[in-house]
Amino acid sequence: MMPHTVAPESKQAGQPTITILGSTGSIGSQTIEVLHAHHPHYRVGYLTTNTRIDELEQQCALVHPNGVVISDETAWKTFREQTSFKGRILCGEEGLVEASADEENTLVMSSLVGFSGVVPTLAAIRKGITIALANKETLVSAGELITAEAQRYNAPIIAVDSEHSAILQCLMGEQQEAIEKLIITASGGPFRTFTQEQLDSATPQKALKHPNWTMGAKITIDSATLMNKGLEVIEARWLFGIGPERIDVVVHPQSIIHSMVQFTDGSVKAQLGLPDMKLPIHYALGFPHRTPSAFPRMDISAIGTMTFEQPDLQRFPCLRLAFDALRTGGTATTILNAANEVAVHRFLRGAIGFTDIPRIVESTLDTIQPAEHPSLQDILEHDRMARAYAAEYQSHHHSIITP
Ligand code: MG
């Protein structure tokens, strides 16, 4: 999939520069593929990883960034000793912030996992740099602050999540006042048809097998609980300025319609495509222009049938918890996100059952009092408190976990 390499000599002044936060993750590595195949006019500022230094080395050889950041200190030391890379090699969260806010950046692809995206993304926003946002947790944890700062510093935020890219595409040429509601589609995840008993005994191995999308572990578990859809509802609220009472979720197992917008005249627009994250990544890199690609085309007659159903909030309470947190506002969504991150990691380690995830999230939300109109300090503090609570929470239910 890598037809040519971008030679360093081809870089010229005035070219747009992209920094990819989390370049060795699922979205980050697909961004490099798309960049490489379809956007050769981009220079690469920084690439960043937590520990995956072998993949980082390969990416450096392919796209010749100005610098790299390795968050983990041990991995950073190893990389420095072994690498043939000649650019800057930064370390830790400070390094991420420096890379993200670098004045040469015209675009930052924010594709870190979880809450770790908040501070570096905010640093780029405060420099007025355009953000391609793949890290939904940034808007879930700090949506009010992030969108206010983005407006203040005139930093556009372009959605990369497939649902939000779909909504963005449906909204091109439309007016804000003409939006009646957003309809976000959900695949329903690998456990869509599971009974409550099957959910109680679901394992990480089963949850990690998503029917349509290939993604990282965190988001795949979030898809299985429907928390991913809840996080996307919150993300949509901040990206498009539409309140939760005007956002619907519909389960569409084929994942062909990526989302829809209903307008005040009753008309509904949908964006369709194969379920492949390269498409929304490509759209974000070319935005606001639509540029050609060589991706596989959809054959709608081969798809044949598309079905839709209501999400089941009894079996999948995470979606309800996310709507509730959004209605509460302030740091409620910060607390929701932090508790969920901890619960998902505990589930992946085999420490808790699948249905303990919503129990932990709900108990954390019931325990920690949210702050209104939070500052970054409030957000960091509530994130920390929620994590501490969720890490200690002991379920009184005894879920059966078969390894
Ligand atoms: Mg999505």
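The structure displayed is predicted, hence computed values, not measured ones. Residue numbering note: each chain is counted from 1, following its sequence as written. Two thresholds apply to this predicted model, a pLDDT of at least 70 for residue-level local features and 80 or more for giving and counting side-chain atom pairs, whereas whole-chain, interface and lining totals are computed over all residues. Neither water nor hydrogens contribute to the side-chain values; these are computed over all heavy atoms in the structure.

Q: Can you tell me about the layout of surface pockets, naming the residues and giving the values?
A: Remark: the empty space left among the atoms is shown by a probe the size of a water molecule rolled over them. One number sums up the size of the second largest pocket: a volume of about 480 Å³. Using only the protein atoms, space was sampled on a 1 Å grid; points where a 1.4 Å probe fits but cannot get out form cavities, open sets with protein on both sides within 12 Å along at least five of seven lines form pockets, and lining residues are those with an atom within 4 Å of a point. Forming the walls of the second largest pocket are 19 residues, and the residues nearest its centre are Pro156, Ile157, Trp238, Leu239 and Phe240. Comment: elements are numbered from the N terminus, with helices defined as DSSP H or I runs of at least four residues and strands as E runs of at least two. At the level of elements, helix H6 (136–152), strand S7 (157–159), helix H7 (162–171) and helix H11 (227–240) are the ones that each hand at least two residues to the lining of the second largest pocket. Amino acids outside the nonpolar list (Ala, Val, Leu, Ile, Met, Phe, Trp, Tyr, Cys, Pro) and the charged list (Asp, Glu, Lys, Arg) are all regarded as polar, and Gly is one of them. Tallied by class, residues from the lining of the second largest pocket come to 13 nonpolar, five polar and one charged. Grid points are joined across faces, edges and corners, and a volume is the space filled by probe spheres set on the points.

Q: An account of the packing of H11 against helix H15 (residues 332–348) is needed here, citing residue identities and associated values.
A: To get an axis, a line is fitted to the C-alpha atoms, and for a helix only the part in contact is used. The angle between two axes follows their N-to-C directions and goes from 0 to 180 degrees. Where H11 contacts H15, the two axes come as close as 12 Å, and the packing angle between them is 155 degrees. Viewed along their axes, H11 and H15 adopt a mutual orientation that is roughly antiparallel. For the element pair H11 and H15, the recorded crossing hand is left-handed. Judged by residue contacts, Met227, Leu231 and Ile234 of H11 engage Thr333, Leu336, Asn337 and Asn340 from H15. In terms of residue class, the contact of H11 with H15 is made up of four nonpolar, three polar and no charged. Here the angle decides the label: under 35 degrees means roughly parallel, over 145 means roughly antiparallel, 65 to 115 means roughly perpendicular, and every other value means oblique. In a left-handed crossing the near helix is turned counterclockwise from the far helix by less than a right angle, and in a right-handed crossing that turn is clockwise. Every residue pair with non-hydrogen atoms within 4.5 Å of one another is taken to be in contact.

Q: Give a description of the coordination of the magnesium ion that names residues and reports values.
A: Ligation of the magnesium ion by protein atoms is provided by Asp161 (OD), Glu163 (OE) and Glu232 (OE), these donors lying 2.1 to 2.3 Å from the ion. Counted as coordinating are nitrogen, oxygen and sulfur atoms within 2.8 Å of the metal, or 3.2 Å for Na, K and Ca, while water is not included, which may make sites look incomplete. Here the donor residues of the magnesium ion share one chain and are spaced in sequence as D-x1-E-x68-E. A residue pair is termed long-range when its members are at least 10 positions apart, and aspartate 161 in the loop between S7 and H7 and glutamate 232 in helix H11 qualify at 71 residues. Both residues of the pair, aspartate 161 and glutamate 232, count as buried. Exposure is judged per residue with a 1.4 Å probe applied to protein chains only, and the accessible area is read against the type maximum: over 50% gives exposed, under 20% gives buried, and values in between give partly exposed.

Q: Talk me through the sheet that holds strand S1 (residues 17–21); I want residue IDs and the actual numbers.
A: Whether two strands pair depends on DSSP finding at least two bridges between them. Taken in spatial order, the seven strands of this open sheet run S4-S3-S2-S1-S5-S6-S7, and their pairing is parallel. The two strands at the open ends of the sheet, each matched to only one other strand, are strand S4 (88–91) and S7. Taking the axes of each pair of neighbouring strands and ignoring which way they run, one obtains an average angle of 20 degrees across the sheet. Bridge count between S1 and strand S2 (residues 43–49): three bridges; the pairing is parallel.

Q: Would you mind going over helix H17 (residues 376–392) in detail, with residue names and values included?
A: Its 17 residues place the ends of H17 25 Å apart at the C-alpha level, agreeing with the 24 Å of an ideal helix rising 1.5 Å per residue. Buried residues in H17 make contact with helix H5 (118–125), H6, H15 and helix H16 (356–367). Each residue after the first adds 1.5 Å to the expected span of a helix.

Q: Can you lay out unusual backbone geometry for me, pointing to particular residues and giving the numbers?
A: Cis geometry is found at the peptide bond from phenylalanine 287 to proline 288, where omega equals 5 degrees. Within the fold, proline 288 resides in the loop between helix H12 (278–286) and helix H13 (300–303). A positive phi is found at serine 255, a non-glycine position, where the angle reads about 50 degrees. By the element assignment, serine 255 lies in the loop between strand S9 (247–251) and strand S10 (257–263). Residue serine 255 is classed as buried on the basis of its relative accessible area, which comes to 6%.

Q: Can you tell me about H7, naming the residues and giving the values?
A: Extensive coverage of H7 is indicated by the burial of 10 of its 10 residues. Among the residues of H7, those classed as buried are Ser162, Glu163, His164, Ser165, Ala166, Ile167, Leu168, Gln169, Cys170 and Leu171. The elements touched by buried residues of H7 are S7, strand S8 (179–186), H11, S10, strand S11 (268–272) and H12. Positive backbone phi, approximately 80 degrees, marks glycine 173, located one or two places after H7.

Q: Go over the confidence of the model for the chain with me, naming the residues and quoting the values.
A: Note: pLDDT gives the predictor's confidence per residue, expressed from 0 to 100. Here the chain shows a mean pLDDT of 93. Residues at 70 or above account for 94%. A low-confidence stretch, residues 1–12 stays under pLDDT 50, and its non-local contacts, those more than four residues away or across chains, total 24 contacts.

Q: Outline the sheet that holds S11, supporting the account with residue identities and numerical values.
A: Reading across the sheet, the four strands line up as S9-S8-S10-S11 and stay open at both edges, with mixed pairing between neighbours. Every other strand in the sheet has two partners, leaving S9 and S11 as the edge strands with one partner each. Going from strand to strand, the sheet's axes swing by 20 degrees on average, the running direction of each strand aside. Looking at chain direction, S8 and S9 are connected through five bridges and run parallel. Residue pairing across strands places isoleucine 183 opposite aspartate 248, the latter belonging to S9. Contacting S8, S10 and S11, H7 runs over the sheet at an angle of about 40 degrees to S10. Along the sheet, H11 makes contact with S8 and S9, crossing S8 at roughly 150 degrees.

Q: How would you sum up the nonpolar core? Please name residues and give values.
A: Each nonpolar core is a collection of buried residues, namely Ala, Val, Leu, Ile, Met, Phe, Trp, Tyr and Cys, held together in the definition by side-chain atoms within 4.5 Å. By size, the foremost hydrophobic cluster in this structure holds 114 residues, and its most contacted members are Ile18, Val68, Ile70, Met109, Leu182, Phe191 and Leu336. Per-element accounting of this core gives the leading share, nine residues, to H15. Other than its neighbours up to four places away in sequence, valine 68 contacts Tyr46, Leu47, Leu56, Cys60, Phe79, Phe85, Arg88, Ile89 and Leu90.

Q: Let's hear about the domain arrangement of the chain: which residues, and what values?
A: Residue ranges for the domains originate in an automatic or database domain assignment. The domain architecture assigned to the chain consists of domain 1 (8–164) and domain 2 (193–202 + 210–225 + 312–390). Taken together, the contact pairs 15 residues of domain 1 with 18 residues of domain 2. Buried area: the accessible surface (1.4 Å probe) lost by two parts on joining, summed over both. Counting each side, the surface lost to burial between domain 1 and domain 2 is near 1,200 Å², with a carbon and sulfur contribution of 61%. Each salt bridge in this description consists of a side-chain nitrogen of Lys or Arg and a carboxyl oxygen of Asp or Glu lying within 4 Å of one another. Our count for the contact surface shared by domain 1 and domain 2 stands at one salt bridge. Lysine 218 is the salt-bridge partner of glutamate 137, the closest N and O atoms lying 3.0 Å from each other. Between N or O atoms, a polar contact is any pair within 3.5 Å; within protein, one atom must be a potential hydrogen donor and the other a potential acceptor, and residues adjacent in sequence are included only when both atoms are from side chains. Taken together, the connections running from domain 1 to domain 2 amount to six residue pairs in polar contact (both at pLDDT 80 or more). Secondary-structure elements contributing two or more residues to the side of domain 1 that touches domain 2 are H5 and H6. In terms of residues, the side of domain 1 that touches domain 2 owes the most to one element, H6, which gives seven residues. Among the residues making up the side of domain 1 that touches domain 2, the classes are represented as eight nonpolar, four polar and three charged.

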